[in-house]
Amino acid sequence: MKPLFKGKHFITLQEWSKEQIDTLLDVSKQLKEEFYSNKDTTYLKNKTAFLMFFEQSTRTRNSMEAGLAQLGGHATFLDTSKMQISHGESAKDTATILSSYGHGIACRNCFWGVGNKYLREMAEHSTVPVMSLQDDLYHPMQGLADLMTIQEVFGEKKHIKVSIIWAYATSHKKPISVPLTQILLFPRYAMDVTLAYPEGYDLPDWAIEQAKQNALDGGGTFRITHDMKEAFQGADVVIPKNWGSWVNNQSDAVVDDLLESYRGWKCTEEMIALGSPEVKYMHALPADRGNEVEDSVIDGPHSIVYQEAENRLHTAKAVMAMTMGNK
Ligand code: CP
């Protein structure tokens, strides 16, 4: 397997053409088949990547660590609170040095107004690909796995009705990067995308404009509603998930009066019944069970969250296999 996009940074899928994303999806599919047939997939033998985490992770960390091991390489987990970053070492010095030791750098930094800039600064100075493991604006690894999962379920069907719906949660003030990535990506694949959220939970204007443009270019549609029930109505895929009010309010406080006023934004069986008969429930996870979603929905027949989470492994491997290579 040749690294067709060797050295290309993976910070937002917006900087990857549809043809390049299609290749990543093809490779993901192949790697999934090879995983199940126990085929040797040491395409990155002796290659190393550094995984820097400013925040917690289950899926992203383990899909990358397991994925690189299965590709014949090794991933080093780096808790940034234990790195010299915590004493002020710059992104430039960190990226320059880590890239001299290995073949890829991956980083999660979701601090509002900081994360994406940090990754871009590392990319400027790194001699190896920089892969986003989620920042304040984008979560391309999640977007790619979501797209793979939708394609597995719906095949090449066009105009799938996908509703990305804000949901109430108190677990933490979640980044906007998952819904932002989805509204940019799905219209490029001719999906009819609805974004639903209550007042105060806007995504950035530039992202909304880009989503509309992507819909025009990709043959999909994009619209916004503030009516939760309307977003569930007739949907083929629903993605009810919380995100923080970062655009309007940069406070780190998780719970405030605005959030509490929207407790009713929850994915219940009643809401699922409004969707198409075969509607699929997706969530990047972790879900705030009981708040964002009822157990009977996330554990029920419409849920494809574990398929979606598993695909994080296959897509992460595809991104590494296609971007990392010999020095
Ligand atoms: N969906 C996702 O990124 O999960 P983690 O935060 O566990 O990595």
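Residues numbered from 1 in each chain as written. Predicted model: local features only at pLDDT ≥ 70, side-chain atom pairs only at ≥ 80, totals over all residues. Heavy atoms only, no water.

### Section: the overall build of the chain
At step 1: When you go through the chain residue by residue, the secondary structure sums to 12 helices and nine strands.
At step 2: In terms of overall dimensions, the chain is globule-like: its C-alpha atoms have a radius of gyration of 19 Å, near the 20 Å expected for 327 residues.
At step 3: The dimensions of the chain, computed from C-alpha atoms along their principal axes, are 55 × 45 × 35 Å.
At step 4: Put simply, the chain has 327 residues, and 56% of those count as buried.
At step 5: On the chain, roughly 13500 Å² of surface is accessible, and the fraction owed to carbon and sulfur atoms is 51%. (Helix = DSSP H or I, 4+ residues; strand = E, 2+ residues; numbered from the N terminus. Rg over C-alpha atoms; globule rule 2.2 N^0.38 Å. Buried < 20%, exposed > 50% of the residue type's maximum accessible area, 1.4 Å probe, protein only. Areas by Shrake-Rupley, 256 points an atom, 1.4 Å probe, with all protein chains shown as cover.)

### Comments concerning the layout of surface pockets
At step 1: Of the volumes computed, that of the largest pocket is approximately 650 Å³.
At step 2: Within the lining of the largest pocket, the residues separate by chemical class into 10 nonpolar, eight polar and eight charged.
At step 3: Residue assignment places the lining of the largest pocket across two domains, with domain 1 (13-139 + 311-323) and domain 2 (141-308) each supplying three or more.
At step 4: What the second largest pocket holds in volume is close to 410 Å³. (1 Å grid on protein atoms, 1.4 Å probe; cavity = no way out; pocket = protein on both sides within 12 Å on 5 of 7 lines; lining within 4 Å. Points joined across faces, edges and corners; volume = space filled by probe spheres on them. Nonpolar A, V, L, I, M, F, W, Y, C, P; charged D, E, K, R; others polar. Domains from an automatic or database assignment.)

### Examining the packing of helix α1 (residues 18-36) against helix α12 (residues 305-323)
At step 1: As a packed pair, α1 and α12 sit with axes 8 Å apart at the nearest point and diverge in direction by 115 degrees. Here α1 runs over α12; the crossing is right-handed. Two secondary-structure elements touch here, α1 through Thr-23, Leu-24, Val-27, Ser-28, Leu-31, Lys-32, Phe-35 and Tyr-36 and α12 through Glu-310, Asn-311, Leu-313, His-314, Thr-315, Lys-317, Ala-318, Val-319 and Met-322.
At step 2: For the contact of α1 with α12, a count of residues per class yields nine nonpolar, five polar and three charged. (Axes fitted to C-alpha atoms, helices over the stretch in contact; angles between N-to-C directions. Left-handed = near helix turned anticlockwise from the far one by under 90°. Contact = heavy atoms within 4.5 Å.)

### Digging into the pattern of salt bridges
At step 1: Evaluated as defined, the whole model comprises 11 salt bridges.
At step 2: Close ionic contact of Arg-61 with Glu-65 constitutes a salt bridge, the shortest N to O distance being 2.6 Å. In this pair, Arg-61 and Glu-65 both sit in helix α2 (residues 59-70), four residues apart, roughly one turn of the helix.
At step 3: Its relative accessible area of 27% is what places Arg-61 among the partly exposed residues.
At step 4: Each of Arg-289, Asp-295 and Asp-299 takes part in salt bridges that share partners, so that together they form one network. (Salt bridge = Lys/Arg side-chain N within 4 Å of Asp/Glu carboxyl O.)

### Some thoughts on the sheet that holds strand β3 (residues 104-109)
At step 1: Strand order in the open sheet formed by four strands is β2-β1-β3-β4, and the pairing between neighbours is parallel. Both outer strands of the open sheet, β2 (74-79) and β4 (130-135), are each paired with one neighbouring strand and no more. Averaged over all neighbouring strand pairs, the angle between strand axes comes to 15 degrees, with direction disregarded.
At step 2: The pairing of β3 with β4 spans four bridges and is classified as parallel. Across the sheet, Ala-106 pairs through a bridge with Met-131, a residue of β4.
At step 3: Here α2 sits on the sheet and contacts β1 (48-53), β2, β3 and β4; the angle it forms with β1, its principal contact strand, is near 170 degrees. (Pairing = 2+ DSSP bridges.)

### Thoughts on unusual backbone geometry
At step 1: Note that the residue after Leu-285, namely Pro-286, is joined by a cis bond; omega there is 5 degrees.
At step 2: Checked against the element boundaries, Pro-286 lands in the loop between β9 (280-281) and α11 (295-298).
At step 3: A positive phi angle is found at Gln-134, which is not glycine, with a value near 115 degrees.
At step 4: By the secondary structure assignment, Gln-134 is in strand β4.

### Examining the pairing of strand β6 (residues 192-196)
At step 1: Most of β6 sits out of view: five of its five residues are buried.
At step 2: The alternating pattern of β6 places Asp-192, Thr-194 and Ala-196 and Val-193 and Leu-195 on opposite faces, both of which are buried.
At step 3: Across five bridges, strand β5 (residues 161-166) lies against β6 in parallel orientation. Across the sheet, the residue bridging to Ile-164 is Leu-195, located in β6.
At step 4: Handedness of the crossover joining β5 and β6 through helix α6 (residues 177-185): right-handed.
At step 5: With five bridges connecting them, β6 and strand β7 (residues 221-225) associate as parallel partners. Each bridged residue has a counterpart across the sheet, and for Asp-192 the counterpart in β7 is Thr-221. (Right-handed = clockwise from strand over helix to strand, strands pointing away.)

### A closer look at the domain arrangement of the chain
Many descriptions give the size of an interface as the accessible area lost when the pieces come together.
At step 1: Each assigned domain of the chain is listed here: domain 1 (13-139 + 311-323) and domain 2 (141-308).
At step 2: A C-alpha centroid distance of 24 Å is found between domain 1 and domain 2.
At step 3: Of the residues lining the interface, 31 residues belong to domain 1; the matching set on domain 2 comes to 31 residues.
At step 4: In total, about 2600 Å² of surface goes out of reach between domain 1 and domain 2, with carbon and sulfur atoms giving 64% of it.
At step 5: On the domain 1 side of the interface with domain 2, the three residues burying the most area are Trp-112, His-139 and Asn-311, jointly 26% of the side's total.
At step 6: Counting across the interface, domain 1 meets domain 2 through one salt bridge.
At step 7: Note that Lys-32 and Glu-152 form a salt bridge whose closest N and O atoms lie 2.9 Å from each other.
At step 8: Taken together, the connections running from domain 1 to domain 2 amount to 18 residue pairs in polar contact (both at pLDDT 80 or more).
At step 9: Looking at which element gives the most residues to the side of domain 1 that touches domain 2, the answer is α1, with eight residues.
At step 10: Here the side of domain 1 that touches domain 2 is composed, by residue class, of 14 nonpolar, nine polar and eight charged. (Buried area = accessible area lost by both parts, 1.4 Å probe. Polar contact = N/O pair within 3.5 Å; in protein donor to acceptor, adjacent residues only side chain to side chain.)

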